[in-house]
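# Close look at the chain arrangement
Spelled out from the first residue to the last, the chains are:
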Amino acid sequence: MDIHRFSFPTAIHFGPGARRGVAEHLRKAGCRRPLIVTDRALAALPVLAEFRGHLDGLDTAVFGGVFGNPRGSQVMAGACAFKSHGADCVIGFGGGAALDVAKLVAVMAVHDGDVMEYVWDHPQVRPIANALPHFVALPTTAGTGSEVGRSSVVSEDDTHVKRVVFSPKLLAKAVFADPELTVGLPPAVTAATGMDALTHNIESYLSPAYHPLCDGIALEGARIAAHALRTAVAEPHDIAARSGMLMASMMGAIAFQKDLGAVHACAHALGAVCDLHHGLANALMIDTVLAWNREAVPHKFEELAHVCGVVGGGARFVPWLRELKYDIGITGGLAQRGVTAQQVPRLVQIAMADVCRQTNPRPCAAEDFERFFKVAM
Ligand SMILES: [Zn+2]
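The text that follows walks through the structure, step by step, so that each part is easy to find. This one's a predicted model, so the numbers in the text were calculated from it and none came from an experiment.

Attention now goes to unusual backbone geometry. One non-glycine residue, Asp 275, lies in the positive phi region at around 55 degrees. With respect to the helices and strands, Asp 275 occurs in the loop between α9 (262-274) and α10 (278-293).

Right under this line is the structure:
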C-alpha cells in the first residue's frame, strides 16, 4: 500500500459573533496595524464599518479594490496599500475573490516582482521564500471555502486567463467564520454559492483517490448543505441555516484537497468563455454530469442519497438535485444565461484541458463534454 499524507491545519473560530474575537487574536499575535482587504462593494456597506468597530486598539486601514474576477493589478495595488500603511498583518474580509487577493497581498508585501511570476505554472516560477505577514480570513459568503484553502486564483490583466498561486504558506493563521456576516446575501447569491459548496462536497466524495478523511468530511458537508440550503435561501436571517451553509462551505473546501470532477471542469470552462458565475455554472451542470457519472459509482450515490435524506435511494439522487435547484430559484439552462451553441467547441476544449477532468469517477472524452453542454442548454 502507498504511503499517504494528510493534513488539516487551519484554526477555525466558528459561530455567530466570531468576528468579535479578531482583535484579541491579533493583539496576542503581536499585530498592531492590520490592512483589511475587501470587495469594492463591501467596503461601503455598514457590515464592514461594524466589523472595524470591533478592532479597538488596532490601527486599521482598508484596501477595498477587489472586484469582478480579481486581476494581478488588484493584488499589486493591495501590496502598495500594505506598505504605505506600514501594515504588519492582513485581514481578508469578503467572498472568495477578496480572500484570494488578501492571501496574495500578504505574499507581495514581502516578495519582489509581479504576482504573476509566482503562479505555479510560470516557466520561471519564483519561490514564496519569505515568511508572510500574519493573515486571518473572515468569509462573508458560503460557497468557495477559500478561507481554508492554500491557493489563490488571479486573472492576467491583459488576457483575463485565470492563474493559480499555490503554497501551504497561503493558509490563514486563523479563520473567523461568523454566519452573521452572511445574512445580508441576496437569495440568488445564497443559492449559487450554496450550490458550489454542495458540489464541492459531492464531487470530492465521488472522486476516486484514496482519502477516507476527506470522504467523511465530504459526506457530512453534503448532509449539512442538503438540509440547510433551502432555508438559507428562503429565510435569509435564519442563523441556523446560515451556520449550516458556512460550515458546509468550509467542509467542501477542506474535502476538495482530495479532488474535484467533471462538474467543475465544465464550470471552469463556462467561467472562462462566458464569464458565468462559478456557483451558478456548477448548479447548471451538476445534474447532467452526475446522471452520467452514476453508473461508475452506484454505491456512492446510495450513500449520498442516504445522507442527504433522499427517499428512494441512489436512483433518486439526481432528480432530488433537480428539485432542490428548482426550490432555490435556479431554473432554465445555459442558453438562458447567454451561452450559445457556437461556444460549445471552445467550452469542450477548456473542459478537456482542466485538471478536474482527470479525477472524475467516470473517464470523460470530448464527446461526453459536448453532450453535457448541449443537454444543459
Ligand atoms: Zn467550486
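After that view, the rundown keeps rolling.
A word on the pairing of strand β4 (residues 89-94). In terms of burial, β4 is a largely internal element, six of the six residues being buried. Judged from the five bridges that link them, strand β2 (residues 34-39) and β4 form a sheet pairing that is parallel. When the bridges of β4 are listed, Thr 38 appears paired with Phe 93. Where the polypeptide runs from β4 across helix α5 (residues 96-108) and back to strand β5 (residues 134-139), its parallel neighbour, the crossover connection is right-handed.

To continue, consider the packing of aromatic side chains. Throughout the structure, instances matching the rule amount to five aromatic pairs. Ring plane angle 70 degrees and centroid distance 5.4 Å describe the contact between Trp 292 and Phe 372, whose orientation is recorded as edge-to-face. Taken together, the positions of Trp 292 in helix α10 and Phe 372 in helix α14 (residues 366-375) put the pair 80 residues apart, joining distant regions of the chain. Comparing Trp 292 with Phe 372, the two get one shared label, buried. Ring centres of Phe 369 and Phe 372 lie 5.8 Å apart, and the angle between their planes is 85 degrees; on these two criteria the pair is classed as edge-to-face. Of this pair, Phe 369 and Phe 372 both sit in helix α14, separated by three residues, roughly a single helical turn. Each of the two residues, Phe 369 as well as Phe 372, counts as buried.

So, about the coordination of the zinc ion. Taken together, the protein donors to the zinc ion comprise Asp 196 (OD), His 200 (NE2), His 264 (NE2) and His 278 (NE2), at separations of 2.1 to 2.2 Å. Read in sequence order, the donor residues coordinating the zinc ion give the pattern D-x3-H-x63-H-x13-H. Residue Asp 196 and its partner His 200 are located together in helix α6 (residues 187-206), separated by four residues, close to a single helical turn. Its relative accessible area of 3% is what places Asp 196 among the buried residues. The class of His 200 is buried, set by a relative accessible area of 3%.

Before going further, it helps to spend a moment on α9. End to end, α9 covers 18 Å across 13 residues, agreeing with the expected 18 Å (1.5 Å per residue, within 8%). Tucked into the core, α9 has its buried residues touching α6, α10, α13 (344-353) and α14. Remark: Asp 275 follows α9 within two positions and exhibits a positive phi of approximately 55 degrees.

With that settled, consider the packing of α10 against helix α12 (residues 317-327). Between α10 and α12, the least distance of the axes is 9 Å, while the angle of their chain directions is 170 degrees. Viewed along their axes, α10 and α12 adopt a mutual orientation that is roughly antiparallel. The interaxial crossing formed by α10 with α12 has left-handed handedness. For the pair formed by α10 and α12, the contact residues are Ala 283, Leu 284, Ile 286, Asp 287, Leu 290 and Ala 291 on the first element and Phe 317, Val 318, Leu 321, Arg 322 and Lys 325 on the second. Here the residues of the contact of α10 with α12 are counted per class, giving eight nonpolar, no polar and three charged.

Reading the values: the criteria
- Residues numbered from 1 in each chain as written.
- Predicted model: local features only at pLDDT ≥ 70, side-chain atom pairs only at ≥ 80, totals over all residues.
- Heavy atoms only, no water.
- Helix = DSSP H or I, 4+ residues; strand = E, 2+ residues; numbered from the N terminus.
- Buried < 20%, exposed > 50% of the residue type's maximum accessible area, 1.4 Å probe, protein only.
- Pairing = 2+ DSSP bridges.
- Right-handed = clockwise from strand over helix to strand, strands pointing away.
- Phe/Tyr/Trp six-rings, centres within 6.5 Å; stacked < 30°, edge-to-face > 60°.
- Donors = N, O, S within 2.8 Å, 3.2 Å for Na, K, Ca; no water.
- Expected span 1.5 Å × (residues − 1).
- Contact = heavy atoms within 4.5 Å.
- Axes fitted to C-alpha atoms, helices over the stretch in contact; angles between N-to-C directions.
- Parallel < 35°, antiparallel > 145°, perpendicular 65-115°, else oblique.
- Left-handed = near helix turned anticlockwise from the far one by under 90°.
- Nonpolar A, V, L, I, M, F, W, Y, C, P; charged D, E, K, R; others polar.

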